[in-house]
Amino acid sequence: MRLCISEGIEEICDSAFIDNGEIYSVTFPSSLEYIGVKAFAFVPIYVIYFKDNIECIDTDAFANYDDNVRGRRVYVDSQVPPFADESAFDYWHYRADSKSLLKKYYTLYVPIGSSGNYKNTSPWGYIQEIHEVDLSGIEDVPDEVGANVDGLRVEVRNGEVSF
């Protein structure tokens, strides 16, 4: 399932989607500023899209097992690398080889002219494969009619879930 977080959401709380085996792609809106501890831990996401306002990706936010990160693509539409905890993308603080997971299994796509900023910023710099691309094709998540569940707006359209 492709998960699109709706514009207006500013924070994803701790453990919000932990162990959800259905999500393979997630797109975050420009309004998102914070992703909590283990928010997407142990979720087999292969494609992650960050817009330009993300300020903090917390501890183990996208931590995973080796098999669930092979071929993971991360797109960050910001000239300035967002703050990401050293262990935001894996359990490197628990395993000696974890920095090599970022080197081996991740590909990072950043705006043209910004790869040097990412190469010099941890943990982004551990990713060996960094490509500068035009990210203007990442569109805002459309604002469509949905349902409210416990105060949270949830939309399901064409197999995509938006909050």
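Reading guide: rules and limits
- Residues numbered from 1 in each chain as written.
- Predicted model: local features only at pLDDT ≥ 70, side-chain atom pairs only at ≥ 80, totals over all residues.
- Heavy atoms only, no water.
- Helix = DSSP H or I, 4+ residues; strand = E, 2+ residues; numbered from the N terminus.
- Buried < 20%, exposed > 50% of the residue type's maximum accessible area, 1.4 Å probe, protein only.
- Contact = heavy atoms within 4.5 Å.
- Areas by Shrake-Rupley, 256 points an atom, 1.4 Å probe, with all protein chains shown as cover.
- Pairing = 2+ DSSP bridges.
- pLDDT = per-residue confidence, 0-100.
- Patch = residues over 30% accessible without salt bridge, like charges linked within 9 Å, V, L, I, M, F, W, Y side chains within 5 Å.
- Salt bridge = Lys/Arg side-chain N within 4 Å of Asp/Glu carboxyl O.
- Lys, Arg positive; Asp, Glu negative; His and termini not counted.
- Charge placed at Lys NZ, Arg CZ, Asp CG, Glu CD.
- Core = buried A, V, L, I, M, F, W, Y, C linked by side-chain atoms within 4.5 Å.

Focus: the overall build of the chain
Broken down by element type, the chain carries two helices and 13 strands. With 163 residues in all, the chain has 46% of them scored as buried. Considering only intrachain contacts with a sequence separation of at least 6, the fraction spanning at least 24 residues in the chain is 49%. Looking at the chain as shown, the accessible area adds up to about 7900 Å², and 48% of this sits on carbon and sulfur atoms.

Description of the pairing of strand β9 (residues 106–111)
Counted residue by residue, β9 has six buried out of six residues, so it is predominantly covered. Bridge count for strand β7 (residues 72–76) against β9 is four bridges, and the pairing is parallel. Across the sheet, R73 pairs through a bridge with T107, a residue of β9. Direction of pairing for β9 relative to strand β10 (residues 129–133): parallel, over a ladder of five bridges. Each bridged residue has a counterpart across the sheet, and for P111 the counterpart in β10 is V133.

So, the pairing of strand β5 (residues 47–50)
Pairing between strand β3 (residues 25–27) and β5: three bridges, direction parallel. Within β5, the residue paired with V26 across the bridge is I48. One ladder, built from four bridges, connects β5 with β7; its direction is parallel. Looking at β7, one finds that V47 is bridged to R73.

Overview of the confidence of the model for the chain
The pLDDT averaged across the chain works out to 81; a share of 74% of its residues lies at or above 70. Across the chain, strand β4 (residues 34–35) holds the top mean pLDDT of 98, while strand β11 (residues 147–149) sits lowest at 36. In this model, residues 140–154 is a region of pLDDT below 50 whose contacts with residues beyond four sequence positions or in other chains number 33 contacts.

Structural notes on the environment of G8
Residue position: G8 is located in the loop between β1 (2–4) and β2 (11–12). Judged by relative accessible area, G8 falls into the exposed class, the value being 51%. Sequence spacing of G8 and S31 is 23 residues, and the spatial spacing of their C-alpha atoms is 5.3 Å.

Focus: the sheet that holds β4
As summarised here, the arrangement of the four strands in space is β2-β4-β6-β8, forming an open sheet in which the pairing is parallel. Of all strands in the sheet, those bounded by a partner on one side alone are β2 and β8 (83–84). Judged from the two bridges that link them, strand β6 (residues 56–57) and β8 form a sheet pairing that is parallel. Bridge pairing links C56 to F83 in β8.

Focus on a negative patch on the surface
Together, E10, E11, D14, E33 and E55 line one region of the surface with negative charge. Of note, E33 is situated in the loop between β3 and β4. In this structure E33 comes out as partly exposed when scored by relative accessible area, which is 34%.

A few points about the nonpolar core
Within soluble globular proteins, side chains that are nonpolar generally end up buried alongside one another. The biggest cluster of nonpolar side chains holds 33 residues, and the ones touching the most others in it are F28, I35, F40, F50, F62 and W124. At the level of elements, β5, β7, α1 (98–105) and β9 are the ones that each hand at least two residues to this core. No other element matches the three residues that β9 contributes to this core. Discounting chain neighbours no more than four positions away, the residues touching F28 are I5, I12, I35, F40, I48, Y49, F50, K51 and F62.

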